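# Descriptive analysis of the structure
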Amino acid sequence: MRIFFTFFAALLLIVPVFGQSDRQASDTLLQHTFEGFLDPADTMLTAPTGNDHHWVNYDQDNKVGLCVSNGPTPKGWYWESDLGFSDPNMADNYAFTSCSYLNSGSPQNRNWLITSPVYIPDDTYWLCWRSLSYYGPDFMDGYRVLVSTNGNLPAAFTDTLFSAAQTIDRFNIGSLDLNDYLFSGGYIQANGYTDTDYFFIDFEGPNPFYHGKLEPHSVNLSDYAGQTIYLAFLHDSYDDFQLQVDDILVSNSMVSANTPSDFMYFNVLPNPVHDFAFLNWKTPTPEDTHLSVADQSGKIIIEKQFNARSDGQFHLDAQGFAAGIYYCKLKTATGQATRLMVKI
Ligand SMILES: [Ca+2]
Ligand SMILES: [Ca+2]
């Protein structure tokens, strides 16, 4: 309900501001930040029945986990403070969590987090989320983001939007050298443990390990324009440790017609922004990219340098921003692009 009112308020604000220059207002279709006073697991169904209208937290393996030291780990997804800190008790964020370190002879974990159905009106929509694999590279948790256009039973999720790699085998236990491991295919946390924004070396374990931090991801949903879909986060890692997901969002971008050719896209999602926004962009070739966010007076609030990658992602915490208009600007050696962002 809060999302509805926020969206309505956003429309009221945005029409006079952007009515002339932008094609359309942005529209958030789905959002879950795993915040609030209620355990999100208590508001979800525990198994899909085919065409449900609620989120589903489905424990398909039905095996007890060993991830929580002072009691049994819930079998499905569970509510936990943000594990991307050396002391999670210091985190002021919560995320949805899943354990693949299971009792009963390390069976295959299969924990499904399935969204409510969402109708994708046109080709401007994106799915954004953050995730962390807690313990790399020894016990790196992989997962898949799947889509169904035909209901919410597991067999219907035939399309894969994203795969994160898991650790398959280790040839030198406790090593921090990725060459000492065999991984499944897919994305490795922090761009293969090279991006220090999304991991740190933790010395609190039996061996030092790569401690993951929540990292933003996004995928385009244009293939599903005009269809009703379900999205699923399937934690199917075998005998690893803990995975978290947070800030699941389906929204579109108020894209002006002026994206320069140096950028294939540059989105601010959602826009207007309430607490958090995902910024994503793509350049035709990998380039060093400089991001700045400035207020209306030109004062720079956030500045960040990204090393050569063609796919850029940034999760913007706007909770401390005053309401108003901001300018998000990307610069490379060959060009620049700017997006207006409205904070409400
Ligand atoms: Ca389970
Ligand atoms: Ca959260």
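Everything that follows concerns the structure shown earlier in this document.
What you are looking at is a predicted structure, and each value in this text was computed from that prediction instead of being measured.

Within the protein, the atoms that donate to the calcium ion (ligand 1) are Asp 59 (OD), Asp 61 (OD), Asp 61 (OD), Lys 75 (O) and Asn 111 (OD1), at distances of 2.3 to 2.6 Å. All donor residues of the calcium ion (ligand 1) come from one chain, and their arrangement in sequence is D-x1-D-x13-K-x35-N. Here Lys 75, found in the loop between strand 2 (56-59) and strand 3 (78-81), pairs with Asn 111, found in strand 5 (residues 111-114); they are 36 residues apart in sequence, far enough to count as distant.

Moving on to empty space enclosed by the protein. The full count for this structure, using the stated rule, is two cavities of 30 Å³ or more. Quantified by volume, the largest cavity comes out at close to 80 Å³. Around the largest cavity, the lining is made up of 14 residues, and of these Ser 131, Ser 133, Tyr 143, Ala 164 and Gln 189 lie nearest the centre. Of all the secondary structure elements, the ones that give two or more residues to the lining of the largest cavity are strand 7 (125-133) and strand 15 (215-220).

Roughly 630 Å³ of internal volume is contained in the second largest pocket. Surrounding the second largest pocket, 29 residues form its lining, Tyr 187, Asn 191, Asp 195, Arg 309 and Asp 311 being those nearest its centre. Element by element, the count of residues in the lining of the second largest pocket is highest for strand 20 (residues 300-317), at ten residues. When grouped by side-chain class, the residues that make up the lining of the second largest pocket number ten nonpolar, twelve polar and seven charged. Residue assignment places the lining of the second largest pocket across two domains, with domain 1 (27-251) and domain 2 (254-343) each supplying three or more.

What follows is about the sheet that holds strand 13 (residues 199-202). Strands sit in the order 8-14-13 across an open sheet of three strands; the sheet is antiparallel. Both edges of this open sheet fall to strand 8 (135-136) and strand 13, since each of them pairs with a single strand only. Judged from the four bridges that link them, strand 13 and strand 14 (residues 209-212) form a sheet pairing that is antiparallel. Note on strand 14: the bridge partner recorded for Asp 202 is Phe 209.

Here the focus is the packing of aromatic side chains. Counting across every chain of the model gives 24 aromatic pairs. Their ring planes at 80 degrees and their centres at 5.2 Å tell us that Trp 129 and Phe 162 sit as a pair that is edge-to-face. In this pair, Trp 129 is assigned in strand 7 and Phe 162 in strand 10 (residues 159-164), connecting sequence segments 33 residues apart. Note on Trp 129: relative accessible area 0%, which makes it buried. Note on Tyr 181 and Phe 183: the rings are 6.0 Å apart at their centroids and 20 degrees apart in plane angle, and the pair reads as stacked. In this pair, the class of Tyr 181 matches that of Phe 183, namely buried. In this structure an aromatic cluster arises from ring pairing among Tyr 101, Tyr 134, Tyr 135, Phe 139, Phe 209 and Phe 241. When the ring centre of Phe 306 is taken as origin, the NZ or CZ atom of Lys 304, which lies over that ring, is 5.5 Å away.

Here is what the cut-offs are and how they apply
Residues numbered from 1 in each chain as written. Chains lettered and ligands numbered in written order. Predicted model: local features only at pLDDT ≥ 70, side-chain atom pairs only at ≥ 80, totals over all residues. Heavy atoms only, no water. Donors = N, O, S within 2.8 Å, 3.2 Å for Na, K, Ca; no water. Helix = DSSP H or I, 4+ residues; strand = E, 2+ residues; numbered from the N terminus. 1 Å grid on protein atoms, 1.4 Å probe; cavity = no way out; pocket = protein on both sides within 12 Å on 5 of 7 lines; lining within 4 Å. Points joined across faces, edges and corners; volume = space filled by probe spheres on them. Nonpolar A, V, L, I, M, F, W, Y, C, P; charged D, E, K, R; others polar. Domains from an automatic or database assignment. Pairing = 2+ DSSP bridges. Phe/Tyr/Trp six-rings, centres within 6.5 Å; stacked < 30°, edge-to-face > 60°. Buried < 20%, exposed > 50% of the residue type's maximum accessible area, 1.4 Å probe, protein only. Lys NZ or Arg CZ within 6 Å of the ring centre and 35° of its normal.

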